[in-house]
Amino acid sequence: MADEGIRSDWINKDFYAELGVKKDATADDIKKAYRKLARANHPDSNPDDTAKHEKFKKVAEAYDVIGDPEKRKKYDEVRSLASSGGFPGGFGGGPTAGGRGYNFEDLFGGAGAGGLGDMFGDLFGGGAGGGFGRRTSQQARPRPTKGADVESTATIGFTDALEGVTVSLRLTSDAACPDCNGTGGKPGTKPHVCPVCEGAGYVVQSVGGGFSMNETCPRCGGRQLVYDEACPTCHGTGRGTSARTIQARIPAGVKDGQKIRLKGKGAAGDNGGPAGDLYVTVRVTPHRIFGRKDDNLTIEVPVSFDELALGAEIKVPTLSGAPVTLRIPAGTPNGRTFRVRGKGFRRADGTTGDLLASVEVQVPAVLDEPTRAAVEAYREATAGKALRSNLFEQV
Ligand SMILES: [Zn+2]
Ligand SMILES: [Zn+2]
């Protein structure tokens, strides 16, 4: 996490020019220049001059770095490295082309993934610069960033899963509060520079061992300005939500719990970057009579003892169309599964699963008189057949 306070946007910023001092200015010169500029541009004495507000912020930011001997040293190193082309990409020469062979680990004192990752994220215009990394990149030059991925859930019917369905999804995502435009201030009131970070938007935290890191300012949340009265809509957070409804196509054959990726249906990108993706977790409601095993549709078909013993033709429903006729051969064992090809779920490769119909003997709970007589006749006819004799054979 420690990055020794190095910030990636230093490469693009000339803090010396901001304070109007030479690169070899003494610490005293820098302090004097800062005080003069800070006084001249202070928002309290220029409440309506936004240009001066901006200048004040920049001056404060510049002094925060080159007014601190340690930070100034790092800043000078980063700037000279950048101008010499020693940075890979973007500054005329990658590590192989430039051949400088700089060891970044050395330069940045073995900075952890947070520090270097943030820096390279900005240089390469990719990666997720979290936390203050994002903010610094905004202060430098806007770069296209991909919008966030969004998650949603859709519940569809069992039959819809067989055939595919288009669903309407209402998506809410974070957006700037519409009433204060994300400033967090009561509309109509004026901001002033944050007293905690003095307009930098971040504070430097010592994390021990001589390391420090920049943290988003706890008072202004990185917005650099604060309001005396909070926006009543967002209670000062500056955040709101925006809702939109999109049509999402759920493909045929989707399984319960499956996650569908809809490319480009997530949050909008920044600065012309592509939109994120939408991930829809699909819930499929169970069916009253059908089930599912892999891509096969399953059904349990009640049959009588005589249908299995003598054979029969029975009608079985399908999910997608007309019933099919099952031909049950004489002497079919209970529980046997019959396969009806092509009546199951569509697979990704375009083929289709089958309908698996299992026969299940139903024993009547109550027998009427003629049925009882028939069953008793059957018992009499089969008397003496030792059905369970092999259970008692001695091995
Ligand atoms: Zn602040
Ligand atoms: Zn608000």
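Everything here concerns the structure above.
Along each chain, numbering runs from 1 in the same order as the chain's sequence is written. Chain A is the first chain written and ligand 1 is the first ligand written, with later ones labelled in order. Under the rules for a predicted model, residues below a pLDDT of 70 receive no local features and side-chain atom pairs below 80 are neither given nor counted, while totals for whole chains, interfaces and linings still include all residues. The basis for the side-chain values is all heavy atoms of the structure; hydrogens and waters are excluded.

Peer 1: Whenever I open this one, helix α2 (residues 27–41) confuses me. Can you help?
Peer 2: The α-helix winds at 3.6 residues per turn, so residues separated by three or four positions along the chain end up facing the same way. In this model α2 runs 21 Å from its N-terminal to its C-terminal C-alpha over 15 residues, within 8% of the 21 Å that 1.5 Å per residue would give. Turning to α2, its buried residues number three or more, namely Ile-30, Ala-33, Tyr-34, Ala-38 and Asn-41. Taken around the axis of α2, the buried residues stretch over an arc of 125°, which confines them to a single face. Of the exposed residues in α2, the ones pointing more than 90 degrees away from its buried face are Lys-32, Lys-36 and Arg-39. Secondary structure is summarised from DSSP: a helix means a run of H or I of at least four residues, a strand means a run of E of at least two, and numbering begins at the N terminus for each. Any helix carries an expected span of 1.5 Å times its number of residues minus one. The buried label goes to any residue with under 20% of its type's maximum accessible area, the exposed label to any with over 50%, and the partly exposed label to all in between, with areas taken from a 1.4 Å probe on protein chains only. The arc in question is traced by the directions running from the helix axis to the C-beta atoms.

Peer 1: Looking at this model, I keep getting lost on the coordination of the zinc ion (ligand 1). Mind explaining?
Peer 2: Each donor-metal-donor angle would ideally measure 109.5 degrees in four-coordinate tetrahedral geometry, or 90 or 180 degrees in six-coordinate octahedral geometry. Every protein donor of the zinc ion (ligand 1) is listed here as Cys-194 (SG), Cys-197 (SG), Cys-217 (SG) and Cys-220 (SG), and their distances to the metal cover 2.2 to 2.3 Å. Coordination partners: N, O, S within 2.8 Å of the metal, 3.2 Å for Na, K and Ca; water not considered, so apparent gaps in a site are possible. Four donors are marked tetrahedral only if all angles between them lie between 85 and 135 degrees, whereas four are marked square planar and six octahedral if opposite donors are more than 155 degrees apart and the other angles lie between 65 and 115; the remainder are marked irregular. Around the zinc ion (ligand 1) sit four donor atoms, and with donor-metal-donor angles ranging over 104 to 115° the site reads as tetrahedral. Mapping the donors of the zinc ion (ligand 1) onto the primary sequence gives the spacing C-x2-C-x19-C-x2-C. In this pair, the class of Cys-217 matches that of Cys-220, namely buried.

Peer 1: How should unusual backbone geometry be read in this particular structure?
Peer 2: With the exception of glycine, the majority of residues adopt a negative phi angle, and the majority of peptide bonds are in the trans configuration. Phi at His-235 takes a positive value of approximately 55°, unusual for a residue other than glycine. Within the fold, His-235 resides in the loop between β6 (225–226) and β7 (239–250). Owing to a relative accessible area of 65%, His-235 belongs among the exposed residues under this scheme. Positive phi outside glycine occurs at Asp-294, with the angle close to 55°. Checked against the element boundaries, Asp-294 lands in the loop between β10 (290–293) and β11 (296–303). Owing to a relative accessible area of 56%, Asp-294 belongs among the exposed residues under this scheme.

Peer 1: Looking at this model, I keep getting lost on the sheet that holds strand β14 (residues 337–340). Mind explaining?
Peer 2: The strands that make up a sheet are held in pairs by hydrogen bonds between backbone atoms, and each pair lies either parallel or antiparallel. The sheet built from four strands is open, its strands ordered β10-β11-β15-β14 with mixed pairing. Bordering the open sheet on either side are β10 and β14, each of which pairs with just one other strand. Across the sheet, the axes of successive neighbouring strands diverge by a mean angle of 30°, strand direction being ignored. Looking at chain direction, β10 and β11 are connected through four bridges and run antiparallel. Along β11, the bridge assignment pairs Gly-291 with Thr-298. By definition, two strands form a pair when at least two bridges between them are found by DSSP. Every angle, taken between N-to-C directions, lies between 0 and 180 degrees, and every axis is a line fitted to C-alpha atoms, over only the stretch in contact when it is a helix.

Peer 1: Help me understand the side chain of Thr-281, please; the structure alone is not making it clear to me.
Peer 2: Relative to the helices and strands, Thr-281 resides in strand β9 (residues 278–284). On the accessibility criterion, Thr-281 (16% relative accessible area) is buried. Beyond its immediate chain neighbours, meaning those up to four positions away, Thr-281 contacts Ser-152, Thr-153, Ala-154, Gly-257, Gln-258 and Lys-259. Pairs of residues are marked as contacts when any of their non-hydrogen atoms sit within 4.5 Å.

Peer 1: Is there a simple way to explain the sheet that holds strand β1 (residues 150–156) in this structure?
Peer 2: Strand order in the open sheet formed by three strands is β1-β9-β8, and the pairing between neighbours is mixed. A strand with exactly one partner marks an edge of an open sheet, and here the two such strands are β1 and β8 (259–262). For this sheet, the mean angle separating the axes of adjacent strands, direction not counted, is 30°.

Peer 1: What is the right way to look at the coordination of the zinc ion (ligand 2) in this model?
Peer 2: The protein atoms that coordinate the zinc ion (ligand 2) are Cys-177 (SG), Cys-180 (SG), Cys-231 (SG) and Cys-234 (SG), at distances spanning 2.2 to 2.4 Å. For the zinc ion (ligand 2), the four donor atoms are set out with angles of 104 to 117° between them, so the coordination reads as tetrahedral. Along the chain, the residues that donate to the zinc ion (ligand 2) are spaced as C-x2-C-x50-C-x2-C.

Peer 1: Got a minute to help me understand the environment of Arg-249 in this structure?
Peer 2: Looking at the element boundaries, Arg-249 is found in strand β7. A residue is classified by how much of its surface remains accessible, and Arg-249, at 46% relative accessible area, is partly exposed. In this structure, the C-alpha to C-alpha distance between Arg-249 and Leu-262, residues 13 residues apart in sequence, is 8.5 Å. Leaving out residues up to four positions away in the same chain, Arg-249 has contacts with Glu-163, Gly-164, Val-165, Thr-166 and Leu-262.

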